[in-house]
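The chain contents come next:
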Amino acid sequence: KRDPLAPQKDSLLIDIQQKMAEGKGTGYVNWAKKHNLKNMSKALLLLEEKGFSSLEELDAAYQAAYDRRSDLLVQLRAVETAIDEKKELQRHVLNYVKSKSLRDGFNACKSDKAQRAYRQKHESEFLTMEAAKRFFDSKGLKKLPTPKTLQQEIELLIKDKNRLYNEYQTAKKQTDELYTIRYNLDKALGEKPQPKRHSQER
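Residues numbered from 1 in each chain as written. Predicted model: local features only at pLDDT ≥ 70, side-chain atom pairs only at ≥ 80, totals over all residues. Heavy atoms only, no water.

**Some points on the pattern of salt bridges**
Our working definition: A side-chain nitrogen of Lys or Arg and a carboxyl oxygen of Asp or Glu constitute a salt bridge if their distance falls within 4 Å. To qualify as a helix, a DSSP run of H or I must reach at least 4 residues; to qualify as a strand, a run of E must reach at least 2; elements of each kind are numbered from the N terminus. Burial classes follow relative accessibility: with a 1.4 Å probe on protein chains only, a residue under 20% of its type's maximum area counts as buried, one over 50% as exposed, and anything between as partly exposed.
Scanning the entire structure with this criterion turns up 10 salt bridges. Here Glu167 and Arg163 are joined by a salt bridge, their closest N and O atoms 3.0 Å apart. Taken together, the residues Glu167 and Arg163, both in helix α7 (residues 147-188) and four residues apart, mark about one turn of the helix. For Glu167, a relative accessible area of 26% corresponds to the partly exposed category. Judged by relative accessible area, Arg163 falls into the partly exposed class, the value being 39%.

**As for helix α6 (residues 123-138)**
The condition that has to hold: The span expected for a helix works out to 1.5 Å for each residue beyond the first. By the convention used here, residues are in contact when the closest approach between their heavy atoms is within 4.5 Å.
Here α6 contains 16 residues, and its C-alpha end-to-end distance of 22 Å stays within 8% of the 22 Å for a straight helix at 1.5 Å per residue. Every buried residue of α6 is listed here: Phe126, Met129, Ala132, Phe135 and Phe136. Here the buried face of α6 lies against α3 (55-98), α4 (100-108) and α5 (112-121). The positive-phi residue at the C-terminal boundary of α6 is Gly140, with phi of around 70 degrees.

**A look at the packing of aromatic side chains**
The condition that has to hold: Centres within 6.5 Å are what make two rings of Phe, Tyr or Trp a pair, Trp counting through its six-membered ring; a difference in plane orientation under 30 degrees is then read as stacked, over 60 as edge-to-face, and the rest as tilted.
Summed over all chains, the structure comprises seven aromatic pairs. For the pair Tyr96 and Phe136, a centre-to-centre distance of 5.9 Å together with 85 degrees between the ring planes defines the contact as edge-to-face. Highlighted residues: Tyr96 in helix α3 and Phe136 in helix α6, separated in sequence by 40 residues. Taken together, a centroid distance of 6.3 Å and an interplanar angle of 70 degrees make the contact between Phe135 and Phe136 edge-to-face. Comparing Phe135 with Phe136 shows no difference in burial state: the two are buried. Ring pairs connect the aromatic residues Tyr62, Tyr66 and Tyr179, which therefore count as one cluster.

**Looking at the confidence of the model for the chain**
Short version of the rule: As a per-residue measure, pLDDT reflects the predictor's confidence and takes values from 0 up to 100.
Per-residue confidence for the chain gives a mean pLDDT of 81; residues scoring 70 or more make up 71%. For the chain, the element scoring lowest by mean pLDDT is helix α1 (residues 16-21), at 63; α6 scores highest, at 95. Note that residues 1-10 has pLDDT below 50 and, in this model, 21 contacts with residues that lie over four places away or in other chains. Across residues 197-202 the pLDDT falls below 50, and counting only partners more than four positions away or on other chains, this stretch makes 15 contacts in the model.

**Here we look at the packing of α3 against α6**
Condition: Axes here mean lines fitted to C-alpha atoms, for a helix over just the part in contact, with angles spanning 0 to 180 degrees between N-to-C directions. Note that the term roughly parallel is reserved for angles under 35 degrees, roughly antiparallel for angles over 145, roughly perpendicular for angles of 65 to 115, and oblique for everything else. Two helices that cross are described as forming a left-handed crossing if the nearer one is turned anticlockwise from the farther one by less than a right angle, and a right-handed crossing if clockwise. Asp, Glu, Lys and Arg are counted as charged, while Ala, Val, Leu, Ile, Met, Phe, Trp, Tyr, Cys and Pro are counted as nonpolar; the rest, among them Gly, fall into the polar class.
Direction vectors running N to C along α3 and α6 enclose 130 degrees, while the axes themselves pass 9 Å from each other. Comparing their axes, α6 and α3 come out oblique. Between α3 and α6 lies a crossing of left-handed hand. The segment α3 lies against α6, with Glu88, Leu89, His92, Val93, Asn95 and Tyr96 engaging Thr128, Met129, Ala131, Ala132, Lys133, Phe135 and Phe136. Here the contact of α3 with α6 is built from residues that sort into eight nonpolar, three polar and two charged.

As structure tokens, then:
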């Protein structure tokens, strides 16, 4: 599974010597040289455009952008989990609300024999109702929220998820851009590409 924080690779400089050693032909090499020249020029232009006067400033900006992106991903996953949990609760609440007539019918039975027969006739409905009750007990719920309230909470969480997703995509684009600048500069200078290791890997 691909790391969601891993950078995109289509703008990175290609190691032409390595590709030749792998058997790439002249056509590929010529294309790779043009690719590298274009992306190196782009890296220098972006470096100037963003006003970085040193590689240290670039690294600091990259670290800050990465940390922001990483934090947003954690928040996004937490909201997605909360949505799933709310939807599960909503499903059980709806099932329990629908079981009111079932419970009324059971309570209307005058004898144990009648209750057993009623239970046998509606076995699958009782199992669904009892699964809901076990779920409520596992969560320590004494008073159930209404389906309407849960739907409103889910809608608010979805709005929050959409906001975080948009912020994450913006942060991801910024991080990838800064990574590409640093990688390509290192490559052009003959150094081992190495955006600095992140202080908070997630």
